[in-house]
Amino acid sequence: MDASADRIAHPWGSRTPYSSPEMWPVRVDTYLENDLEPGRVERWVQTASILHSDGDAMDVAVVDGRMVGVRGRAVDRVNRGRLGPKDLYGWQANASPDRLRRPLIRENGHLVECDWSTAMGRIVARSQELLEESGPEAIGFYTSGQLFLEEYYTLAVLARAGIGTNHLDGNTRLCTATAAEALKESFGCDGQPGSYDDIDHADVIALFGHNVAETQPVQWMRILDRLESTAPPNLVCVDPRPTRVARRAAAHLAPRIGTNLALLNALLHEIIRTGRVDHDYLAAHTVGFDALASQVAKCTPQWAARICDVPPARIGEAAELLGTADRLLSTVLQGIYQSHQATAAAVQINNLHLVRGMLGRPGAGVLQMNGQPSAQNTRECGANGDLPGFRNWQNDSHVADLAKVWNVEPSALSHDGPPTHAMQMFRYAEQGSIRMLWISGTNPAVSLPELSRIRSILTQDRLFVIAQDLFLTETAQLADVVLPAATWGEKTGTLTNADRTVHLSDKAVEPPGEARPDLDIFLDYAARMDFRDKDGRPLITWHDPESAFEAWKACSAGRPCDYTGLTYDRLRGVSGIQWPCHADAPHGTPRLYTDGIAWADPQVCESYGKDLLTGEPDDEAAYRALNPEGKAVIRAAAYTPPPEEPDETYPYQLTTGRTLYHFHTRTKTARAPQLDAAAPDVWVEASAADTAALGLGEGDLVEVTTRRGALRGRLRVTDIRPGLLFIPFHYGYWDTAGGTGPDSDTPGRAANETTITAWDPASKQPLFKTATAALRLVQRGDGRPAPAPNTTASAASTRTMPGRGRGQ
């Protein structure tokens, strides 16, 4: 039991050291409100975290029909009883007094309460009107990474086979689209090759743009426990900020923003030059190595150093660790995914493992991580626009198979072009071809880039906006209809984490007022629209979470993400099973690709690949010519400079990101008192060298300006690399006077006021880490530090700069 620690001041709790091949010891974390005695808890209800992608399993404590706390599940394979700060405290948001309790509709420019029949009637009427006037492509759906599998699958069916639109995507486009695309490019199919259990066995763990200490704190606890053992692994960290990972790393590389691909090409150059290549593995399981070797032949550490501003010797040290590891685990997240040449860079990390033969055995794997709790489900179920079950939209037999599952004609499924990604959907709305946008469980008025543009799109008279959420978010305040949704703990469903572990989350308490589960809302809409299959029967035949799960199992059968061996009963009690789970793997599958890369076969692959520089899809003929035997594809790519480079007007690079204590746009975490107090307002990080040169000090109010917009925040002086500014993206306006955005005279506090409308050509993920910026003083501070935590990568600088100080 880890009950003594203040988990805000000590986020990762106490240590339980262990060495490979030992199992990670149990440590059960618990938080009960008002020091409630555990014996007073009436029921403990099984669930898993909804505030990050770890999949931490927990039980919800219930007294008198209320949530009163949580505890970790000791039997779970993911966390072995541990919980992070957001797990321990975030549940309190469910009982916030400002939860939405009744539907709202816009009347005379104002949102007013109404009943469900009125709200749904308005949505159905507008849907039917647009289908009659303009056809299905006038309607788009933009969803979340926080709903349940059953809800995503239902949404995918009603959007694709009911409406017939190609405009369906999730906000997973903003965080893990590159993960999915990189896996498809290398292995022909989505799905994480590795497992969290690889942390127990690896002798080198490489984290590429992955601040695991803050984004997946329980897995950082696992790494910390290994580091405290008698046989600790070496860490390699690629991150421009002084993260907790960087401070424990044997090799820390802090490249200039936008140069990840150059650095990775140099690491591959060194590994190939020094002969750390598994040629037998390459011959048996891959194609494309010669092209990679040719591409990186001139990418020496000296070449990369000029581009990345990383010492050549440090690149060599990292390559030595990567090249000599017996069991190498690599993890990847937003520092790669939201940066220039995102997919090309992520693919090179896959290449590193293919070149070294580091796949399919304990400690040797790659995890292209997710940023959200059920991001994997959006991808499996097709709520990210791809076809459900990792089917290939370019493969007519896959389309026909899906049509058979749904009992519709293949022609009813729009597949004459690639799925419409989120950034394109908002462009279509801006141009007027999308006239209705249904937004569920996400807040684009804060999370998308260039927010002034997004607000102008959402407030168009011609665009009918539906917001389905828990609170009156910045987006909901701009909507035409607002639907109050139930959330985690108030409904039942499954969610799958970043290493393919499926958890069941049971309903613990009733939702407030008239709020409904997202599944019920989608089923209600489908019934009111009277969607039918080709035989005239109802298109959607399920009626509750468990029947929806059974329907999904039929859709997943025989596909890489096969769930047919899972049931709700199996997921209760023993906690956490990894897909694929079927008759031949009844207990789940810890690692993919233990014997070849089966899902890369041209007949079964999810994708034929894309040009990494242009994003142009390859066709079936090109893929068959490249990969006739269905092997992993090693794809090379040349470095190109980012779209914005610093100049006299905008001399700094700007990156955005997350902090340990908040999730996305703070709609939940800011309503948990402990989390809000830990990071109550936005801040701006700059290096000690840069702030000294400008005569700025800790706590000064500063303004950051880019070509798109500006924001203001208090200055935190850190050990970040010089020339770089960092701003957490969580802070919007719902808890300010304006409510939806900055007023006309003063810059706001949302990081995305400043970010660029650009995306990776292959994954279509926005490039939040690519802007250039100016920094200026607005007002001297009052002696208090910036509202940034000192427990994280945002810790105040330990350096004293010559001449540093106010007015110098």
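Everything quoted here is computed from the prediction, not taken from an experiment.

(A) Spatial organisation of the overall build of the protein. Helix and strand counts for the protein come out as 25 helices and 27 strands. The globule rule puts the C-alpha radius of gyration for 808 residues at 28 Å, and the 25 Å found for the protein is close to it. If one aligns the C-alpha atoms of the protein with their principal axes, the spans along those axes are about 70 × 65 × 60 Å. Here the protein, with 808 residues, has 68% of them falling under the buried criterion. If you take every contact in the protein between residues at least 6 apart in sequence, the share linking residues at least 24 apart comes to 76%. Distance between charge centres in the protein, computed from 80 positive and 100 negative side chains, equals 4 Å.

(B) Here's a closer look at the side chain of D562. Mapping D562 onto the fold places it in the loop between α21 (545–556) and α22 (568–571). Although D562 is buried, it makes no salt bridge; K553 carries the closest opposite charge, 8.5 Å away. When near neighbours in sequence (up to four residues on either side) are disregarded, D562 contacts S556, A557, W579, P580, C581 and H582.

(C) Structural detail: the pattern of salt bridges. Evaluation of the coordinates by the stated rule reveals 59 salt bridges. A salt bridge links R7 to D29, with the nearest nitrogen and oxygen atoms 2.9 Å apart. Separated by 22 residues along the polypeptide, R7 in the segment before β1 (30–32) and D29 in the segment before β1 bring together distant segments of the chain. We classify R7 as buried; its relative accessible area is 2%. One continuous salt-bridge network, built from bridges that share partners, spans R77, D197, D200, R222 and D499.

(D) Geometry of the sheet that holds strand β11 (residues 251–253). The 5 strands are arranged β11-β10-β9-β13-β14 in an open sheet whose pairing can be described as parallel. The outermost strands of the open sheet, each flanked by one partner alone, are β11 and β14 (365–368). Between one strand axis and the next, the sheet turns through 10° on average, direction left out of account. Where strand β9 (residues 204–208) meets strand β13 (residues 328–332), 5 bridges bridge the pair, whose relative direction is parallel. Within β13, the position partnered with F208 by the bridge is V332. Across the face of the sheet, helix α12 (residues 312–324) comes into contact with β9, β10 (234–238), β11 and β13 while running at roughly 125° to β11.

(E) Inspection of empty space enclosed by the protein at higher detail. Under the criterion given, the structure shown has 6 cavities of 30 Å³ or more. Looking at the largest cavity, its volume works out to about 330 Å³. If you trace the largest cavity, you find 25 residues lining it, with G209, D239, Q334, G335 and K769 closest to the centre. Listed by contribution, the elements that provide at least two residues to the lining of the largest cavity are α13 (334–337) and β22 (652–657).

(F) Just unusual backbone geometry, in detail. Residue P21 follows S20 across a cis peptide bond; omega there is 5°. As for its position among the elements, P21 is in the segment before β1. The linkage connecting W579 with the following residue, P580, adopts the cis geometry, with an omega of -5°. Residue placement: P580 occurs in the loop between β20 (577–578) and α23 (620–626). Of note, D64 is a non-glycine position whose phi angle comes to about 55°, a positive value. As for its placement among the helices and strands, D64 is situated in the loop between β3 (57–63) and β4 (66–72). Residue class for D64 comes out exposed when judged on its relative accessible area of 64%. Here R500, not a glycine, exhibits a phi torsion of approximately 75°, which is positive.

(G) Expanded view of helix α19 (residues 451–458). Among the 8 residues that make up α19, 6 are buried, leaving the element largely enclosed by the rest of the structure. Turning to α19, its buried residues are L451, R453, I454, R455, I457 and L458. Those residues of α19 hidden inside the fold are in contact with α17 (422–431), β15 (436–440), α18 (444–447) and β16 (464–469).

(H) The arrangement of the sheet that holds strand β2 (residues 43–48) in detail. Strand order in the open sheet formed by 4 strands is β1-β4-β3-β2, with antiparallel pairing between adjacent strands. Only two strands of the sheet have a single neighbouring strand rather than two, namely β1 and β2. Here the strands of the sheet are splayed against their neighbours by 25° on average, with no regard to which way each runs. Bridge count for β1 against β4 is 3 bridges, and the pairing is antiparallel. Paired with Y31 across the strands is V70, a residue of β4.

Conventions we followed
- Residues numbered from 1 in each chain as written.
- Predicted model: local features only at pLDDT ≥ 70, side-chain atom pairs only at ≥ 80, totals over all residues.
- Heavy atoms only, no water.
- Helix = DSSP H or I, 4+ residues; strand = E, 2+ residues; numbered from the N terminus.
- Rg over C-alpha atoms; globule rule 2.2 N^0.38 Å.
- Buried < 20%, exposed > 50% of the residue type's maximum accessible area, 1.4 Å probe, protein only.
- Contact = heavy atoms within 4.5 Å.
- Lys, Arg positive; Asp, Glu negative; His and termini not counted.
- Charge placed at Lys NZ, Arg CZ, Asp CG, Glu CD.
- Salt bridge = Lys/Arg side-chain N within 4 Å of Asp/Glu carboxyl O.
- Pairing = 2+ DSSP bridges.
- Axes fitted to C-alpha atoms, helices over the stretch in contact; angles between N-to-C directions.
- 1 Å grid on protein atoms, 1.4 Å probe; cavity = no way out; pocket = protein on both sides within 12 Å on 5 of 7 lines; lining within 4 Å.
- Points joined across faces, edges and corners; volume = space filled by probe spheres on them.

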